[in-house]
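These are the residues of each chain, in order.
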Amino acid sequence: MNILNRLVKSYQTGMLRRILSSFSGTLGLVLIALIILIAIFAPQLAPHNPTDIDVTNRLAGPTAKHPFGTDHLGRDLLSRLIFGSRIALLVSLPAIGLGVIVGIMLGTIAGYSGGTLDNILLFMFDTVRAFPPLLLAITIITLTGGANMLVLIIVLGITRFPGYGRLVRAQSAQVSKREFVMASEAAGSTTTRTLFKHIFPNSIGPVFINAAMDIPVIITFAAALSFLGLGVPPPIPGWGRILRSGYSYIRTSPWMVTFSAIFLVMATLGFTFLGEALRDALDPKLKKSPQLQ
Amino acid sequence: MAQYTFRRFLTALATVFGAMVLLFIMIQFMPGNPATILLGPRASPEIIASFEEKMGLNQPIYVQFGKFMFNVFQGDLGRDVLTHRPVRELVLNALPYTIVLAFTGMGVAALIGIPLGAFAAAYRDSLLDKITGVLSVSFITMPSFVKAIVLLLVFAVILRWFPATGGGEPGNILDQLYHLILPMTAIAIGWIGYIARLTRAVVLDELTEDYVRTARAKGVSERMTLYKHALRSAMVPVVSFIGVGFGTLLGGTVLTEVVFNRPGLGTLIYNAVKARNFPVAEGGLIIAVFLYAFVNMVADLSHGFIDPRMRTE
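The rules we used
- Residues numbered from 1 in each chain as written.
- Chains lettered and ligands numbered in written order.
- Predicted model: local features only at pLDDT ≥ 70, side-chain atom pairs only at ≥ 80, totals over all residues.
- Helix = DSSP H or I, 4+ residues; strand = E, 2+ residues; numbered from the N terminus.
- Buried ≥ 20, exposed ≤ 12 C-beta atoms within 10 Å, placed from the backbone.
- Contact = placed C-beta atoms within 7 Å.
- Expected span 1.5 Å × (residues − 1).
- Nonpolar A, V, L, I, M, F, W, Y, C, P; charged D, E, K, R; others polar.
- Core = buried A, V, L, I, M, F, W, Y, C linked by C-beta atoms within 7 Å.
- pLDDT = per-residue confidence, 0-100.
- Bend = angle between axes of the 7 residues up to and from the residue.
- Axes fitted to C-alpha atoms, helices over the stretch in contact; angles between N-to-C directions.
- Parallel < 35°, antiparallel > 145°, perpendicular 65-115°, else oblique.

Draft legend 1. Structural view of the overall build of chain A. Check the secondary structure of chain A and you find 13 helices and 0 strands. Listed by position from the N terminus, the elements making up chain A come as α-α-α-α-α-α-α-α-α-α-α-α-α. Counting the 293 residues in chain A, one finds 48% classified as buried. The long-range share in chain A, meaning contacts at least 24 apart out of those at least 6 apart in sequence, stands at 68%.

Draft legend 2. Structural context of the overall build of chain B. Summing up its helical and strand segments, chain B has 12 helices and 0 strands in all. Element order for chain B, N to C, with α for helix and β for strand: α-α-α-α-α-α-α-α-α-α-α-α. In terms of its C-alpha atoms, chain B occupies a principal-axis envelope of roughly 85 × 55 × 35 Å. In chain B, buried positions account for 39% of the 313 residues. In chain B, of all internal contacts separated by at least 6 residues, the share reaching a separation of at least 24 is 72%.

Draft legend 3. Just helix α6 (residues 127-141) of chain B, in detail. Look at α6(B): 21 Å from first C-alpha to last across 15 residues, which is about the 21 Å you get at 1.5 Å a residue. At its buried positions, α6(B) is contacted by α11 (205-227) and α13 (255-282) of chain A together with α5 (87-122) and α8 (173-206) of chain B.

Draft legend 4. The arrangement of the interface of chain B and chain A in detail. With 42 residues of chain B in contact, the opposing surface of chain A contributes 38 residues. Contributing elements (two or more residues each) for the side of chain B that touches chain A: α1 (2-28), α6, α7 (144-158), α8, α10 (222-259), α11 (265-274) and α12 (278-306) of chain B. Broken down by element, the side of chain B that touches chain A gets its largest block of residues, 8 residues, from α10(B). Residues of the side of chain B that touches chain A, tallied by class, amount to 34 nonpolar, 7 polar and 1 charged.

Draft legend 5. Local environment of the nonpolar core. Ranked by size, the top nonpolar core spans 155 residues in total, and within it A222(A), I149(B), I195(B), I269(B), A288(B) and V289(B) carry the most contacts. Aside from chain neighbours lying at most four places away, what touches A288(B) is P132(A), L135(A), L250(B), L265(B) and I269(B). Judged by nonpolar contacts, the second largest core, of 5 residues, contains Y112(A), V175(A), V181(A) and I199(A).

Draft legend 6. A look at unusual backbone geometry. Residue and element names in this part refer to chain B. Unusually for a residue other than glycine, D125 sits at a positive phi of about 65°. Within the fold, D125 resides in the loop between α5 and α6. Positive phi values are uncommon outside glycine, yet N261 reaches one of about 50°. By the secondary structure assignment, N261 is in the loop between α10 and α11.

Draft legend 7. Here's a closer look at the confidence of the model for chain A. Taken residue by residue, chain A gives an average pLDDT of 82. The fraction at 70 or more is 91%. Confidence drops under pLDDT 50 across residues 287-293 of chain A; counting only partners more than four residues distant or on other chains, this segment forms 11 contacts.

Draft legend 8. Region of interest: α11(A). Residue and element names in this part refer to chain A. Between its first and last C-alpha atoms α11 spans 34 Å; for 23 residues at 1.5 Å apiece the expected length is 33 Å, and the two agree. Within α11, the axis deviates most sharply at D214, by approximately 40°, and proline P216 lies no more than four positions further along. Judged by how many residues are buried, α11 sits mostly within the fold: 17 of 23 residues are covered. Positive backbone phi, at 85°, marks G229, one or two positions downstream of α11.

Draft legend 9. Spotlight on the environment of P234(A). All names here are of chain A. In this fold, P234 is placed in the loop between α11 and α12 (239-248). On the basis of neighbour counts, which here come to 12 C-beta atoms within 10 Å, the residue P234 falls in the exposed class. Linking P234 and T51, residues 183 residues apart in sequence, is a C-alpha distance of 9.4 Å.

Draft legend 10. Molecular detail of the packing of helix α6 (residues 115-129) of chain A against α1(B). As a packed pair, α6(A) and α1(B) sit with axes 8 Å apart at the nearest point and diverge in direction by 75°. Put simply, α6(A) runs roughly perpendicular to α1(B). Across from F123(A), D126(A) and T127(A) in α6(A), the residues of α1(B) making contact are A14(B), T15(B), G18(B), A19(B) and L22(B). Considering only residue class, the contact of α6(A) with α1(B) consists of 4 nonpolar, 3 polar and 1 charged.

Okay, here's the thing in structure tokens:
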């Protein structure tokens, strides 16, 4: 760990050090590193195949063979939770990425163009935001006839992009008034060049901090949808789905909800701590404002 | 202020209109024929035709849209496909449960969170401050339905102190309160964290202000300085934060309602969506959008009322 630390530090110029300087930042980093390692090495770490059904051994308590017990179909809970980390990351990270990309594009256009186009885009952002996000997601998924990974990523991205779009718009509207943008325009640069060379790089910073803080929110959101039966289809082991079956058998086998809740909370807590440490390291001014989910 | 109110009202109205258009478009793009979805794959062509006739599905799209908007603004949300009861009645029955849950949850959170945050600020870097800090983040981060499930497991399944599901017997207030406690707690816990953190941050900020120094210099006790001066001005952002939070909360009650199998707007929409009972889902969603827009507008207006700078954007 020490050598690794030094290695990374050497080219990360103090960023990592600042994150590690707080207890919660260190905890967050450790938790997230753990989750990512679990996700990468899931096939090696899982003691059983997560989809292997063993009906004679259903809802068994923790034993040496099944450390976390088994679910209602006799599948090994630990293996399912380990593979579930892949689903959590593979859905939430691309969803955030999609939201960020669409938000940045539309937000930059809105902020730079001003006028009618700006108003239209703002109206679009506010319209999407007029729906409570969870209800919007539930509706879209149902209307599209059920979820798969792609639908989930798109739906989660849709619930996120208006927020990022508004943020980028505010930034780029400010940047558009700065001297170097005027200079670029006066020098005869094309709109595309001004946008990509000047507006863009100077207005996307806050979005990335926001997006990092949003990862736990999205993981929760994806788990919530899957808890409601609208997540990745079975037999893929999503954490929310495992929680749901645990919830159904909460009276007879409470360890199912307990262990799956621990995994989910570990991930969300880790990303929150890491996100906050990252934000404080990048922009100490923002330190005080808590985030709304 | 009047101008700001009017402008904000128009924005809310425009947003709601936009949301209705979006909703209508989403329904139009629904794969498959609404008639076969509602009537099942084995419905005969005659039944489908008469259904389309009855629902106006064979009319041009702009007529359908006009009718849709006209009905919405008349308060006619259509009828439940299964029971044929008016959707408006279903929504109006469910709504009080959600509103009570949101209000009591937020109220309890404010009652606990504000003093907790003030304490944490007053005893900055003390053990109490640190514990509050860690607990706040943990409670904020923990997914709401996980909190609900943990409460359900501990207090309803293991300890059996509270009922696990339902909203209580209609008309029996005590029984309804008894059923409210666990879901309310599940909602309140996270918001206690938010409010405590925010209060702490704002109070700490206020404590560096000149008027606090003046109060201290005049010999006002530390306790009075904190509660009478710093906390009072800190209330402005906290209250507006709570207002904005209500909007978020309305969406967030869905999961709590589902976990505790409690009646409410969230459960209504969720169950309707699951049963493909689209008129109910649609009606519930429309009301949710109206409510959401209304709450956000009130939050902005109260914010603008407290802080005039907000009015010029």
